[in-house]
Amino acid sequence: MNITRTPFEGLLLIEPRCFQDERGFFLETFQSERYREAGMPDQFVQDNQSRSAKGVLRGMHFQVKRPQAQIVTVMRGRVFDVAVDLRLASPTFGQWFGVELRDTGPRQMYMTPGFAHGFCVLSDWADLHYKVGRLYDPHDEGGLRWDDPDVGIQWPIKVPQVTPRDAAFPRIRDLSQAQLPHHPPIDMPERLTC
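The structure presented is a predicted model; accordingly, all values stated were derived computationally and were not measured.

As for the overall build of the chain
Within the chain one finds two helices and 13 strands. By principal-axis analysis of the C-alpha atoms, the chain measures approximately 50 × 40 × 30 Å. Look at the contacts in the chain between residues 6 or more apart in sequence, and 80% of them connect residues 24 or more apart. With an accessible surface of roughly 10,100 Å², the chain has 49% of that area assigned to carbon and sulfur atoms.

Following this line, the structure appears as structure tokens:
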């Protein structure tokens, strides 16, 4: 697999090795030793899957006291996947990174704890698989407004379908330190190719 660093410490793009022929394809979406050696030291404890229709925007979500590392994989369709750095000590605090993820030419996004995550669906339907490093706790949810002008995410759709809950999330300027993800400093190794 190939690992690409982004401008954000702790945010990686992963291209798993894919074996493809006229019958279809095979790939490993996760292998603990290989991913750990590539700079993802987290122990993943829960897998989630979501299905969303074209134009749906989900985000920007995070856990506050028990932030989760995530590996996001598109199992079907295409999405524009976004991470916003909410780590106070980070030089990229309040900045965003977005990339198209799809079921062809497989690519994953890894986020260390401390990022808000969201996506919008570009295909008719999209199935996303999330591997997370901590158990989900509905009482520990946090959120950032998807269209916060201070963050300035450039979504590729103009009028997304957003839930009332997601639309009511605060702007980054209105989040207190206690409302941001609590996390330890992340030390990423230099070796990033397997």
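Remarks on the confidence of the model for the chain
The predicted model of the chain averages 89 in pLDDT, with 93% of residues at 70 or higher. Low pLDDT, under 50, characterises residues 185–194; the stretch is placed with 21 contacts to residues that sit more than four places away or in other chains.

Remarks on the layout of surface pockets
Considering only enclosed or pocket space, the largest pocket measures out at about 570 Å³ in volume. Lining the largest pocket are 26 residues; nearest its centre among them are Asn48, His61, Tyr130, Tyr136 and Glu141. It is strand S6 (residues 57–63) that provides the largest number of residues to the lining of the largest pocket, a total of five residues. Partitioned by chemical class, the residues of the lining of the largest pocket number ten nonpolar, twelve polar and four charged.

Some thoughts on the pairing of strand S4 (residues 24–27)
The pairing of strand S3 (residues 18–21) with S4 spans four bridges and is classified as antiparallel. Across the sheet, residue Asp21 finds its bridge partner in S4, namely Gly24. In textbook terms, the turn of a hairpin is the stretch between consecutive antiparallel strands, and for S3 and S4 this stretch comprises two residues.

The rules behind these values
- Residues numbered from 1 in each chain as written.
- Predicted model: local features only at pLDDT ≥ 70, side-chain atom pairs only at ≥ 80, totals over all residues.
- Heavy atoms only, no water.
- Helix = DSSP H or I, 4+ residues; strand = E, 2+ residues; numbered from the N terminus.
- Contact = heavy atoms within 4.5 Å.
- Areas by Shrake-Rupley, 256 points an atom, 1.4 Å probe, with all protein chains shown as cover.
- pLDDT = per-residue confidence, 0-100.
- 1 Å grid on protein atoms, 1.4 Å probe; cavity = no way out; pocket = protein on both sides within 12 Å on 5 of 7 lines; lining within 4 Å.
- Points joined across faces, edges and corners; volume = space filled by probe spheres on them.
- Nonpolar A, V, L, I, M, F, W, Y, C, P; charged D, E, K, R; others polar.
- Pairing = 2+ DSSP bridges.

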